[in-house]
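Fold and geometry: a report
In case you want the letters, here they are:
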Amino acid sequence: VPVDGSHWLSMREVLDMLQQKGHEVVVVAPEVTLHIKPTKNFVMKMYSVPYTQEEMEKDFNAFLHTLFEEGSFLERFLKVYEGMKRIGNISAASCQHLLQ
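Since this is a predicted model, take the numbers as computed values, not measurements.

1. Quick word on the packing of helix α2 (residues 53-67) against helix α3 (residues 73-99)
Remark: α2 packs on α3, axes separated minimally by 9 Å, with the N-to-C direction vectors making an angle of 155 degrees. On the basis of their axis angle, the class for α2 and α3 is roughly antiparallel. In the crossing of α2 with α3, the sense of the turn from one axis to the other is left-handed. Between α2 and α3, the contacting residues are Met 56, Asp 59, Phe 60, Ala 62, Phe 63, Thr 66 and Leu 67 on the first element and Lys 79, Val 80, Gly 83, Met 84, Arg 86, Ile 87 and Ile 90 on the second.

2. Focus: α2
For α2, which comprises 15 residues, the first-to-last C-alpha distance of 22 Å matches the rise-based estimate of 21 Å (1.5 Å per residue) to within 8%. When α2 is considered as a whole, its buried residues turn out to be Met 56, Asp 59, Phe 63 and Thr 66. Down the axis of α2, the sector holding all buried residues measures 100 degrees, keeping them to one side. Summarising the geometry of α2, the exposed residues directed more than 90 degrees from the buried face are Glu 54, Lys 58, Asn 61 and His 65. Taken together, the buried residues of α2 touch α3.

3. Quick word on the nonpolar core
Core analysis: the largest hydrophobic core is formed by eight residues, namely Trp 8, Leu 15, Val 25, Val 27, Ala 29, Ile 36, Phe 42 and Met 44. If you look at the next biggest cluster of nonpolar residues, it comprises seven residues, including Tyr 47, Tyr 51, Met 56 and Ile 90.

4. Here we look at the domain arrangement of the chain
Looking at the assigned domains, one finds that the chain contains domain 1 (1-47) and domain 2 (50-99). The distance between the C-alpha centroids of domain 1 and domain 2 comes to 23 Å. On the domain 2 side, the residues contacting the seven residues of domain 1 number nine residues. The largest per-residue losses of area from domain 1 upon contact with domain 2 belong to Val 32, Leu 34 and Tyr 47, which jointly make up 75% of the total buried on that side. Counting every contact that joins domain 1 to domain 2 gives zero salt bridges. At the junction of domain 1 and domain 2, the tally comes to two residue pairs in polar contact (both at pLDDT 80 or more). Of the residues that constitute the side of domain 1 that touches domain 2, the class distribution is six nonpolar, one polar and no charged.

5. Thoughts on the packing of aromatic side chains
Considering all chains together, one arrives at two aromatic pairs under this definition. Here the aromatic rings of Trp 8 and Phe 42 are separated by 5.8 Å at their centres, their planes lie at 90 degrees, and the arrangement is edge-to-face. Placement of Trp 8 in helix α1 (residues 6-20) and of Phe 42 in the loop between β1 (26-30) and β2 (43-47) is noted, with a sequence separation of 34 residues between them. Look at Phe 42 and you get buried, because its relative accessible area is 7%.

6. Concerning α1
Over its 15 residues, α1 runs 22 Å from end to end, which matches the ideal 21 Å to within 8%, given 1.5 Å per residue. Once α1 ends, the next one or two residues include Gly 22, with phi positive near 95 degrees.

Conventions adopted
Residues numbered from 1 in each chain as written. Predicted model: local features only at pLDDT ≥ 70, side-chain atom pairs only at ≥ 80, totals over all residues. Heavy atoms only, no water. Axes fitted to C-alpha atoms, helices over the stretch in contact; angles between N-to-C directions. Helix = DSSP H or I, 4+ residues; strand = E, 2+ residues; numbered from the N terminus. Parallel < 35°, antiparallel > 145°, perpendicular 65-115°, else oblique. Left-handed = near helix turned anticlockwise from the far one by under 90°. Contact = heavy atoms within 4.5 Å. Expected span 1.5 Å × (residues − 1). Buried < 20%, exposed > 50% of the residue type's maximum accessible area, 1.4 Å probe, protein only. Arc of directions from axis to C-beta. Core = buried A, V, L, I, M, F, W, Y, C linked by side-chain atoms within 4.5 Å. Domains from an automatic or database assignment. Buried area = accessible area lost by both parts, 1.4 Å probe. Salt bridge = Lys/Arg side-chain N within 4 Å of Asp/Glu carboxyl O. Polar contact = N/O pair within 3.5 Å; in protein donor to acceptor, adjacent residues only side chain to side chain. Nonpolar A, V, L, I, M, F, W, Y, C, P; charged D, E, K, R; others polar. Phe/Tyr/Trp six-rings, centres within 6.5 Å; stacked < 30°, edge-to-face > 60°.

Laid out in structure tokens, this is it:
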């Protein structure tokens, strides 16, 4: 079960090598992702999640934007913390729906 983002980009190389060695690879992923896309090297099994592509992209882009904002340490810390909470909630919702 892949985690979207840089974790997926690293894992995809491993999956490609496994497929080249004759393994059948099945990827279980949420229907809304940033980087996880089907290829001929593996079978995709998708599950539904309670958020849209637009909502997820908006939260991730807002979080990335806050990393480069100026302000006091406390202001930046609180904004990054709130962004991490939103991304964490997306991840938790994805896990809950996978288990259902």
